[in-house]
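# Remarks on the overall topology
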Amino acid sequence: MQRTVEAASPGGTPSGGGDGAPLLELSGMTKSFSGVTVLEDVSFDVRAGEVHALLGENGAGKSTLIKIAAGVHRPDRGSIRIGGREVSFASPRDARAGGIAVVYQELLLFPELTVAENIFIGHGPRTAAGTLDWRRMRERARELLDDLDSQHLDVDARVGGLSVANRQRVEIAKALSQDARVLIMDEPTASLAEADVQQLIQIVRTLRQRGVGIAYVSHKLPEVFALADRVTVLRDGRLVGTEPIAAMDERKVVSMMVGRSIDQLFPKVPTRLGEVMLEARGVCHAGVVRDVSFQLRAGEILGIAGLVGSGRTELALTLFGLTPATSGEILVGGSPVAVTSPDQARELGIAYVPEDRGLQGLVKPQTIAENIAHTMLERLRRGFLVDRARETALARHFIEALGIRARGPGQVVGQLSGGNQQKVVLAKWLAIEPRILIMDEPTRGIDVGAKSEIHALMSKLASEGLAILMISSELPEVLGMSDRVLVMNGGRVVAEFDGSEATQEAVGQAMTLTHQRGAA
Amino acid sequence: MTAAEVARPPRPSLVSRTLEAYGQEIVVFAAIAVLFVVVGSVNPRFLSDSNLISIFSGNAYIAVAAIGMSLVIITGHIDVSVGSLIGALATIAGTLAVSGYPVWVAWVVPVLVGMAVNAMVGAVIAYVKIPSIVVTLGMLSILKGGLISLTGGAWITDMPPAFFIAQQRWFGIPSPIWFMVALTAVVALWMRHSPTARMFYAVGGNAEAARATGISPERTTVIAFTLHGLFAGIAALLFATQLQVIQSTVPPNLELTVITAAVIGGVSILGGTGTVVGSTLAAILFACIGSALVFLNVSAYWLKAVIGLLILATVLADMARRRRYRRI
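Residues numbered from 1 in each chain as written. Chains lettered and ligands numbered in written order. Predicted model: local features only at pLDDT ≥ 70, side-chain atom pairs only at ≥ 80, totals over all residues.

What follows is about the overall build of chain A. Looking only at helices and strands, chain A features 17 helices and 22 strands. Relative to the compact-globule value of 24 Å for 520 residues, chain A shows a C-alpha radius of gyration of 24 Å, a close match. On the principal axes, the C-alpha backbone points of chain A span a range of 70 × 50 × 50 Å. Expressed as a percentage of its 520 residues, the buried residues of chain A come to 52%. Long-range contacts, defined as pairs at least 24 residues apart, comprise 70% of the intrachain contacts of chain A with a sequence gap of at least 6. (Helix = DSSP H or I, 4+ residues; strand = E, 2+ residues; numbered from the N terminus. Rg over C-alpha atoms; globule rule 2.2 N^0.38 Å. Buried ≥ 20, exposed ≤ 12 C-beta atoms within 10 Å, placed from the backbone. Contact = placed C-beta atoms within 7 Å.)

Okay, here's the thing in structure tokens:
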């Protein structure tokens, strides 16, 4: 694959390593934290003009490797070379000076500052007098964004008001403004909707063409196959292998990641559907949910697809009583009900596994048992007290039943991995023995192994007669798991497909059809 | 990014689990023990019965107020008006006592007023959604100003002898110590075992998650503040009845002392964690430090500096602990 190696950034840094030496080369990286080895003898390199995907389940060591490259952690053993020259990073500043920039999953921007200020924070152009050169700063910010096909982004806009996709562009522009020749992207699409993902992929391709070396960390295999030139897989802190993408397929990558082959990423057992458990008739909420009607049966998984902002999550919040319906009717088990608070929803047997488990799902300083008990405080009450024996038994039951990997019921949930945290959220809702389970992004940000475990659980729950409403940004998940698919767009249900007739194209088209989402 | 998920992690030893769960309480307790040994060896009179009893008894009201403060901070709020509230309630108690009402009225009314006032404060914070620091700062000025205006700064004296509950001794031990120990024990158990207290921890740890679980952060906030008012009322009684006079001015910065006791006792200033055993131990620690400085012949002004250092050290420890919950 031949690519032109040009100046790596609009700033015009001549690209080093043109002689074939990788831009960044990490070899024999070993790192342990308080006696636990998290990385052992791992090597990874990034060449000019390539996308090198770094894959692995949570806990495989990806983040540690990235942080070593970014100068956040120092390796216990191993060498770092930039353009063939051995270096050592004492701080992230050294790594940046070496031309390495990282776009972290949780974007590190200042919401109250403008786009231009964020891009040039800490290294703004100066005037002769030494003050900030605002005019040049805005011009350079404009150039950088234009290079990223982001002409629509206003350099004077407040970053806090931008969408995640646009904030990410600002973060990338910030990296390029510092003449980064290696760009490390940590799960850049974790919180993007499908259309934004496509645009990001375009941006990454443009950067590659300009000779930037890109290390791309992601859980999502389709985009890895769409983008990467090479793939490196880590497992349990060790290198499983580095392969050219042409030699790989999805099944092979997954089996390298999990160390076992997963026959189907989205297992779904066909189930006989029961009676209608949940029905919405013309449900509206303040202009963001408009006239939504549907029926959900026992044993059914109803998938809701849609872009971010299409009203999917808002519908879930309305059904669950967090933002009560302003008009329309909700029927549970055939009888009309008023759901005006989560409390009531819970009493009706409606459970809600929220989109953002850190923000809405869990109380991280509390233990697994305490988190599970949150939905059960009344039922676990004995007089003035919580029946702690029953509480612990409940937690043990779910740790066992859902395969939560933890020390025990008393472990603080903040210490668990994403997949295990998600299982705790699921557990606390299954504890109430719900009739209806609403899951918003059930597998966001969790690794492939845990993901298929959650899918298997959903399938099992449905076969036991639970009615599941699943909202997801990942089309393969929607298509693979759902008996039926509703597509939302602009607050309305714009299409409905039977599981068999729902295809990526048809659903994708309905998601984007009627209107283009405005920028920012 | 830890090794926690590489394999099922081993269960840590009982010692390290205890340290993780009750680290701060243990540290404060150890500090008190060290203080006793060191100061006692320099000046044995520090350990005399009469001195120890006066340390504990004279400061018990701070520990009682810190119990309520802990509930409020655990729920994710703060109350900077508690010092003024205690002053106002003490004045109410004294006024009722000298006006000829039965002693029990003089005892009960201030407690009820404390609960009512703080229920209102909690309701404003929860339902009008004004940050607690703002509401209670306002409350601080209202109570302080109102009290001085109404009483003209006069002292209250000549209460009937039966009124002085804090001067009573039960089984040879002054009643404030009984109050401090009993309330701390009861509330500590209640915090660990009651559904309501679970809501305090849940709302303080993550109000949005609590809401999405069907726990009302608003109702929980009002309950926490109302209970805080109850303990402020009891603290006011102990304060009002320990001397023969009630001044309409409480010790300056009482609210800060109370907040500091909670924080040094291990209640996270960000909410969601902590115990009342810790806050009571910390209140005892302050009292001991204050007394120790006297016995070591060090200027009492150093007390503030020492407590300031303790606050910083505690907050640093809290942050270090929190960092472990946050995964990268």
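What follows covers the overall build of chain B. Looking only at helices and strands, chain B has 12 helices and two strands in total. Sequence-ordered secondary structure for chain B, helices as α and strands as β, is α-α-α-α-α-β-β-α-α-α-α-α-α-α. The globule rule puts the C-alpha radius of gyration for 328 residues at 20 Å, and the 21 Å found for chain B is close to it. Dimensions of chain B along its principal axes, counting C-alpha atoms only, are 70 × 55 × 35 Å. Looking at chain B as a whole, 49% of its 328 residues qualify as buried.

Another point: the packing of helix α2 (residues 49-74) of chain B against helix α9 (residues 217-240) of chain B. Residue and element names in this part refer to chain B. The N-to-C vectors of α2 and α9 enclose an angle of 175°; their axes lie 8 Å apart at closest approach. In terms of orientation, α2 lies roughly antiparallel with respect to α9. Here A60, Y61, V64, A65, I67, G68, M69, L71 and V72 of α2 come into contact with α9, specifically with A224, F225, L227, H228, L230, F231, A232, I234, A235, L238 and F239. In terms of residue class, the contact of α2 with α9 is built from 18 nonpolar, two polar and no charged. (Axes fitted to C-alpha atoms, helices over the stretch in contact; angles between N-to-C directions. Parallel < 35°, antiparallel > 145°, perpendicular 65-115°, else oblique. Nonpolar A, V, L, I, M, F, W, Y, C, P; charged D, E, K, R; others polar.)

So, on to unusual backbone geometry. Residues and elements named next belong to chain A. For D179, which is not glycine, the phi dihedral falls at a positive 55°. Along the polypeptide, D179 turns up in the loop between α5 (164-177) and β7 (182-186). Its identity is not glycine, yet D291 carries a phi of approximately 50°, on the positive side. Structurally, the position occupied by D291 is in strand β12 (residues 289-297). What makes D291 partly exposed here is the crowd of 14 C-beta atoms within 10 Å.

Turning our attention to the environment of E139(A). By secondary structure assignment, the location of E139(A) is in helix α4 (residues 134-147). Overall, E139(A) belongs to the partly exposed group, with 14 C-beta atoms counted inside 10 Å.

Here we come to the pairing of strand β3 (residues 51-55) of chain A. Residue and element names in this part refer to chain A. When you tally the buried positions in β3, you get five out of five residues, the bulk of the element. By the alternation rule, side chains of β3 split into V51, A53 and L55 and H52 and L54, which are all buried. In terms of strand pairing, β3 meets strand β8 (residues 213-217) through four bridges, oriented parallel. Counterpart to A53 in the pairing with β8 is Y216. Judged from the four bridges that link them, β3 and strand β9 (residues 230-235) form a sheet pairing that is parallel. Considered in β9, the bridge of L55 is made with V233. (Pairing = 2+ DSSP bridges.)

Our next topic: the sheet that holds strand β14 (residues 327-332) of chain A. All names here are of chain A. Across the sheet, four strands lie side by side as β12-β11-β14-β15; this open sheet has antiparallel pairing. Of all the strands in the sheet, the pair left with one neighbour each is β12 and β15 (335-337). Taken over all neighbouring pairs, the strand axes of this sheet differ in orientation by 20° on average, direction set aside. For strand β11 (residues 276-285) and β14, the ladder comprises five bridges, and the chain directions are antiparallel. When the bridges of β14 are listed, E279 appears paired with L331.

Core analysis: the largest hydrophobic core is formed by 256 residues, its most contacted members being L183(A), I438(A), V507(A), V64(B), A65(B), I86(B) and A235(B). Take this core: its biggest share by element is 15 residues, from α9(B). Excluding anything up to four places from it in sequence, V64(B) contacts F179(B), M180(B), L183(B), F231(B), I234(B), A235(B) and L238(B). (Core = buried A, V, L, I, M, F, W, Y, C linked by C-beta atoms within 7 Å.)

This brings us to α9(B). With 24 residues, α9(B) should cover 34 Å at 1.5 Å per step; its first-to-last C-alpha distance of 34 Å lies within 8% of that length. Across the 24 residues of α9(B), 22 count as buried, placing the element largely inside the fold. (Expected span 1.5 Å × (residues − 1).)

Residue and element names in this part refer to chain A. Reading across from one edge, β6-β7-β8-β3-β9-β10 is the order of the six strands in this open sheet, with mixed pairing throughout. Either end of the sheet is taken by a strand with one partner, and the two such strands are β6 (100-103) and β10 (238-244). The mean inter-strand angle of the sheet, taken between neighbouring strand axes irrespective of direction, is 20°. Sheet contacts for helix α1 (residues 62-69): β3, β6, β7, β8 and β9; angle to β7, the most-contacted strand, approximately 150°. The sheet strands contacting helix α6 (residues 194-209) are β3, β7 and β8, and the helix crosses β8 at an angle near 150°.

Looking now at the confidence of the model for chain A. Residues and elements named next belong to chain A. For chain A, per-residue confidence averages 84 on the pLDDT scale, and residues scoring 70 or more make up 91% of the total. Residue range residues 1-19 is modelled with pLDDT below 50. Its contacts to residues more than four positions away, or to other chains, number 40 contacts. Between residues 514-520, whose pLDDT stays under 50, and residues either more than four places distant or in other chains, the model counts 13 contacts. (pLDDT = per-residue confidence, 0-100.)

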